Amino acid sequence: MGVRGLKGDLRVLSLTDTPDRLALGASVLVEGEDAPRRITGVGQSKHGPVLRLEGVTDRDTAAALIGRHLSAPGGPSVLPEGTYWWHELEGLAVESPAGRSIGRLEEVFRAGSNEVYRVVGPDGEVLVPALKEFVLEIDVPGGRMVVRDPDEWLEEV
């Protein structure tokens, strides 16, 4: 999320396949808040959707929301099986198939056409491509992710 202009407009990175969720009058929940906010303005920039949210009327209030996720009604239940919201993955313990700790998933980001998991652990930082070839298992309720041992595949690159 980023601020656009002086009236509290927010540039957002939309991850939804259902753009109606970001329509005028729809409600969204801002990460860290208990009550949803209504979308009071919708626009478009060259970088993606621009939203104005109820109660956000100036640049400073909007800037305080940068870095938070927005979720729309129907959220996680409408994701295809085997896909996850980024915030669900951040914080997972990451290990090799043999149970060796690789570290903790600190960040998910997009690089080119796919996502990358930034894992920080005892051997430093490892960037794991979010591809089935590298990610063997994701267990969100169990708080863990199993990836191919980086010692094996880093040599291949």
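Parameters at a glance
Residues numbered from 1 in each chain as written. Predicted model: local features only at pLDDT ≥ 70, side-chain atom pairs only at ≥ 80, totals over all residues. Heavy atoms only, no water. Helix = DSSP H or I, 4+ residues; strand = E, 2+ residues; numbered from the N terminus. Polar contact = N/O pair within 3.5 Å; in protein donor to acceptor, adjacent residues only side chain to side chain. Salt bridge = Lys/Arg side-chain N within 4 Å of Asp/Glu carboxyl O. Buried < 20%, exposed > 50% of the residue type's maximum accessible area, 1.4 Å probe, protein only. pLDDT = per-residue confidence, 0-100. Core = buried A, V, L, I, M, F, W, Y, C linked by side-chain atoms within 4.5 Å. Pairing = 2+ DSSP bridges. Axes fitted to C-alpha atoms, helices over the stretch in contact; angles between N-to-C directions.

Undergrad: Account for the side chain of Asp9, with residues named and values stated.
TA: For Asp9, the location among the structural elements is in strand β2 (residues 9-11). Looking at Asp9, its side chain comes within polar contact range of the side chain of Arg52, at 2.6 Å.

Undergrad: How would you summarise the pattern of salt bridges if you had to cite specific residues and measurements?
TA: Side chains bearing opposite charge may pair, as long as their charged atoms lie close to each other. All chains considered together, the criterion is met by 11 salt bridges. When the shortest N-O distance is used, the salt bridge between Arg37 and Glu33 registers 2.8 Å. Notably, a salt bridge pairs Asp123 with Arg100, separated by 3.1 Å at the nearest N-O pair. One end of the pair, Asp123, is in the loop between β9 (114-121) and β10 (124-129); the other, Arg100, is in the loop between β7 (93-95) and β8 (101-111), and 23 residues separate them in sequence. Bridged by salt links that share partners, the residues Arg100, Asp123, Asp149 and Asp151 form one connected network.

Undergrad: Break down the environment of Ala111 for me, citing the residues and quoting the values.
TA: Relative to the assigned elements, Ala111 resides in strand β8. Relative accessible area serves as the criterion here: at 35%, Ala111 is assigned to the partly exposed category. Residues Ala111 and Pro129, 18 residues apart in the sequence, show an inter-C-alpha distance of 9.1 Å.

Undergrad: Give a detailed account of the confidence of the model for the protein, specifying residues and quantitative values.
TA: Considering every residue of the protein, the mean pLDDT works out to 83; 87% of them sit at 70 or more. Looking at the elements of the protein, mean pLDDT is at its lowest for strand β1 (residues 2-4), recorded as 64, and at its highest for β7, recorded as 97.

Undergrad: Give me the nonpolar core: which residues, what numbers.
TA: Formed by 16 residues in total, the largest nonpolar core has its most connected members in Leu89, Val94, Leu105, Tyr117, Val128, Met145 and Val147. Contributions of two or more residues to this core are made by α2 (86-89), β8, β9, β10 and β12 (144-147). When residues in this core are grouped by element, the largest group, 3 residues, is from β8. Residues Ala26, Ile39, Leu51 and Val56 belong to the second largest nonpolar core, which totals 12 residues.

Undergrad: So what's going on with the pairing of strand β11 (residues 135-139)? Which residues, and what values?
TA: Here 4 bridges tie β11 to β12, and the two strands are oriented antiparallel to one another. Looking across to β12, one finds that Glu137 is bridged to Val146. Two successive antiparallel strands, β11 and β12, enclose a turn made up of 4 residues, where Gly143 displays a positive phi of approximately 75 degrees.

Undergrad: Residues and numbers for the sheet that holds β7, please.
TA: The 6 strands are arranged β10-β9-β8-β7-β12-β11 in an open sheet whose pairing can be described as mixed. Because the sheet does not close on itself, it has two edges, and the strands there are β10 and β11. Neighbour-to-neighbour, the strand axes of this sheet turn through a mean angle of 30 degrees, independent of strand direction. Pairing analysis gives 6 bridges linking β9 to β10, with the strands arranged antiparallel. For Arg118, the partnering residue across the bridge sits in β10 and is Leu127.

Undergrad: Outline the pairing of strand β5 (residues 48-53), listing residues and values.
TA: For β5, the tally of buried residues reaches 5 of 6 residues, placing the bulk of the element in the interior. Bridging between β2 and β5 involves 2 bridges; their strand directions are antiparallel. Looking at β5, one finds that Leu10 is bridged to Leu51.

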